[in-house]
Amino acid sequence: GAGVSQSPSNKVTEKGKDVELRCDPISGHTALYWYRQRLGQGLEFLIYFQGNSAPDKSGLPSDRFSAERTGESVSTLTIQRTQQEDSAVYLCASSLARHNEQFFGPGTRLTVL
Amino acid sequence: ILNVEQSPQSLHVQEGDSTNFTCSFPSSNFYALHWYRWETAKSPEALFVMTLNGDEKKKGRISATLNTKEGYSYLYIKGSQPEDSATYLCAFPNAGNMLTFGGGTRLMVKP
């Protein structure tokens with residue numbers, strides 16, 4: 001079956017612009033996670049969605065970051081007024097339930113000039 | 001903030017060598033321990049999710065053990081092949097929803 005997909009695969013933007021990243025999870029997966037990996041650093045949790053429950057936003061680094069998910073389908077991560085330190089690979093993952101193995105998408109490489 | 005540590009940070013081995021590396025994690029409030037393999041230019045791929053103390057899991061030439069009382073897990077690769085070259089990540093879920101990843105062990109297998 002289809003895996004997790006993300007778009008765009010690459011995004012280059014200018015400092016101060018807004019960007020929107022998209023994630024399509026595996027059908028039937030109730031849990032969806034966003035992570036990022038900045039150069040030379042490990043994977044950093046950003047936000048978690050579980051079904052129709054309120055998302056866990058505890059990993060979002062600032063109020064410039066927000067994310068939405070429609071039911072148990074597509075999620076979008078929005079970064080407003082991008083800064084150079086936002087440059088990273090943004091990964092989305094989904095799983096059948098919390099704490100189950102996660103299936104990752106190919107990532108979006110964001111470069112902020 | 002949970003402390004999940006992996007060692008070594010990187011490892012170079014010859015094809016055919018067997019190798020192992022370590023993940024250490026908090027021994028209290030254990031839920032599960034995940035292992036992922038992350039090849040360059042690809043997405044992380046789940047290897048194992050381990051939940052019970054003493055668990056041993058195997059997938060082909062790769063196996064893992066778990067000691068929840070002392071807070072460590074070992075990943076073993078028998079007869080390493082060049083295609084095993086990747087970063088191996090362990091991850092520890094907390095009581096909430098966050099999965100804390102270790103820094104990874106970068107394995108390079110020379111033909």
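Quick note: structure is the one above.
Note that the structure is a prediction, hence the values are computed from the model and not measured. (Residues numbered from 1 in each chain as written. Chains lettered and ligands numbered in written order. Predicted model: local features only at pLDDT ≥ 70, side-chain atom pairs only at ≥ 80, totals over all residues. Heavy atoms only, no water.)

### Notes on the environment of His34(B)
Link 1 in the chain: By the secondary structure assignment, His34(B) is in strand β4 (residues 33-38).
Link 2 in the chain: Judged by relative accessible area, His34(B) falls into the buried class, the value being 1%.
Link 3 in the chain: His34(B) sits 12 residues away from Thr22(B) along the chain, and the two C-alpha atoms are 13 Å apart.
Link 4 in the chain: Among all residues touching His34(B), those that are not within four sequence positions of it are His99(A), Asn100(A), Glu101(A), Phe48(B), Val49(B), Leu89(B), Cys90(B), Ala91(B), Pro93(B) and Leu99(B).
Link 5 in the chain: At 2.9 Å, the side chain of His34(B) and the side chain of Tyr36(B) are in polar contact. (Helix = DSSP H or I, 4+ residues; strand = E, 2+ residues; numbered from the N terminus. Buried < 20%, exposed > 50% of the residue type's maximum accessible area, 1.4 Å probe, protein only. Contact = heavy atoms within 4.5 Å. Polar contact = N/O pair within 3.5 Å; in protein donor to acceptor, adjacent residues only side chain to side chain.)

### Section: the nonpolar core
Link 1 in the chain: The biggest cluster of nonpolar side chains holds 22 residues, and the ones touching the most others in it are Phe21(B), Leu33(B), Trp35(B), Phe48(B), Leu75(B), Tyr88(B) and Leu107(B).
Link 2 in the chain: Of all the secondary-structure elements, those providing two or more residues to this core are β2 (10-14), β3 (19-24), β4, β5 (45-50), β7 (62-67), β8 (72-77), β9 (86-93) and β11 (105-110) of chain B.
Link 3 in the chain: Among the elements that line this core, the one with the most residues is β9(B), at four residues.
Link 4 in the chain: Excluding anything up to four places from it in sequence, Leu107(B) contacts Leu11(B), Val13(B), Thr19(B), Phe21(B), Ile77(B), Asp84(B), Ser85(B), Ala86(B) and Tyr88(B).
Link 5 in the chain: Of all hydrophobic cores here, the second largest spans 20 residues; its members include Val19(A), Ile47(A), Phe49(A) and Leu77(A). (Core = buried A, V, L, I, M, F, W, Y, C linked by side-chain atoms within 4.5 Å.)

### Topic: the state of the cysteines
Link 1 in the chain: Taken as a whole and assessed by the stated rule, the structure comprises two disulfides over all chains.
Link 2 in the chain: Disulfide partner of Cys23(A): Cys92(A), at an S-S distance of 1.8 Å. Its S-S torsion of approximately -60° makes the covalent link between Cys23(A) and Cys92(A) left-handed. A residue pair is termed long-range when its members are at least 10 positions apart, and Cys23(A) in strand β3 (residues 19-24) and Cys92(A) in strand β8 (residues 88-95) qualify at 69 residues. Of the two residues, Cys23(A) and Cys92(A), neither departs from the other in class, the shared state being buried.
Link 3 in the chain: The partner cysteine of Cys23(B) in its disulfide is Cys90(B), sulfur to sulfur 2.0 Å. In this structure the cystine formed by Cys23(B) and Cys90(B) twists about its S-S bond by roughly 80°; its chirality is therefore right-handed. In this pair, Cys23(B) sits in strand β3 while Cys90(B) sits in strand β9, placing the two residues 67 residues apart along the sequence. Cys90(B) matches Cys23(B) in its accessibility class, with the two residues each being buried. (Disulfide = S-S within 2.5 Å.)

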